[in-house]
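Chain by chain, the residues:
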Amino acid sequence: SCTDPIYNFTALSPHQKHHTKTYITGLAAARSKTVAGIAREVLPAKGKRALNKFFTEYDWDEDQLNHERIEELQKHGETRWSQDGFIIIDDSVDEKTGEELPGFGKFYDHAGGKTVWGQNLVYAFYTDHKTAYSLAFRLYDDDDNQTKYDLARDIVTELEEEINVPANTY
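Residues numbered from 1 in each chain as written. Predicted model: local features only at pLDDT ≥ 70, side-chain atom pairs only at ≥ 80, totals over all residues. Heavy atoms only, no water.

### Re unusual backbone geometry
Quick note on the threshold: A run of H or I in DSSP becomes a helix once it reaches four residues, and a run of E becomes a strand once it reaches two; helices and strands are each numbered from the N terminus.
Backbone geometry at Asn 164 places phi at a positive 60°, although glycine is not the residue there. By secondary structure assignment, the location of Asn 164 is in the segment after α5 (148-163).

Printed below as a string of structure tokens:
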């Protein structure tokens, strides 16, 4: 199963591993990719509250979990990175409703050509001739003292010093 490696992640408790597997299964198999849809189609006995609590109340080290995920990807030839790979650094605005999300604000969405309410992520994405996947992200917050360029530099430093991504081209 594609979710079996989750059992080896030390950043997650046993309950978190169960909910992570449920969420990933829901993303792959459920018709509705929302928490309510995944809970309805994959977790009917536990319901939406259990999965929502997993996302909002559980505590874990996101960086450690991401590093473990990337280590797992390096164990397989089809997802292992190479010197010929590229790191794409960009930002993306995700339009949202409500105002209780971290980093929520007004951002210009270049794809839509308008200002929207939502969150803005600065991210790094790896790609080469055989694979493509996300590496890291930072939530941009207008109220913070860091610019998007500062966040991008933080990501590059993490990729080079902590994760040891071998790509030569950013």
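Having seen the model, we can carry on.
### What about the packing of helix α1 (residues 14-29) against helix α2 (residues 35-42)?
The condition that has to hold: Axes here refer to lines fitted to C-alpha atoms; in helices the fit is confined to the stretch in contact. Angles between the N-to-C directions go from 0 to 180 degrees. Just so you know how the angles are binned, under 35 degrees is roughly parallel, over 145 roughly antiparallel, 65 to 115 roughly perpendicular, and the rest oblique. Throughout, a contact is declared for two residues whenever any of their heavy atoms are within 4.5 Å. When residues are grouped by polarity, Ala, Val, Leu, Ile, Met, Phe, Trp, Tyr, Cys and Pro land in nonpolar, Asp, Glu, Lys and Arg in charged, and all others, Gly among them, in polar.
At a closest axis distance of 9 Å, the pairing of α1 and α2 adopts a crossing angle of 95°. By the angle between their directions, the pair α1 and α2 is classed as roughly perpendicular. Where α1 approaches α2, its residues Thr 22, Tyr 23, Thr 25, Gly 26, Leu 27 and Ala 29 are matched on the opposing element by Ile 38, Glu 41 and Val 42. The residue inventory of the contact of α1 with α2, partitioned by class, reads 5 nonpolar, 3 polar and 1 charged.

### Here we look at α5
Keep this limit in mind: One less than the residue count of a helix, multiplied by 1.5 Å, gives the span that helix is expected to have. Burial here depends on accessible area, computed with a 1.4 Å probe over protein chains only, as a share of the maximum for the residue type. Under 20% is buried, over 50% is exposed, and the range in between is partly exposed. Directions pointing from the helix axis toward each C-beta atom define the arc. By the criterion applied in these results, polar contacts are pairs of N or O atoms within 3.5 Å in which, for protein atoms, one can donate a hydrogen and the other can accept it, and in which residues neighboring in sequence qualify only through two side-chain atoms.
The first and last C-alpha atoms of α5 sit 21 Å apart over 16 residues, in line with the 22 Å expected at 1.5 Å per residue. Every buried residue belonging to α5 is among Leu 151, Ala 152, Ile 155, Val 156, Glu 158, Leu 159 and Ile 163, and all of these are buried. Projected down its long axis, α5 shows its buried positions confined to an angular sector of 155°, all on one face. Set apart from the buried face of α5 by more than 90 degrees, the exposed residues are Tyr 149 and Glu 161. Structurally, the start of α5 carries an N-cap: the backbone nitrogen of Tyr 149 is 3.3 Å from a side-chain oxygen of Thr 147. With its phi angle positive at about 60°, Asn 164 sits one or two positions after the end of α5.

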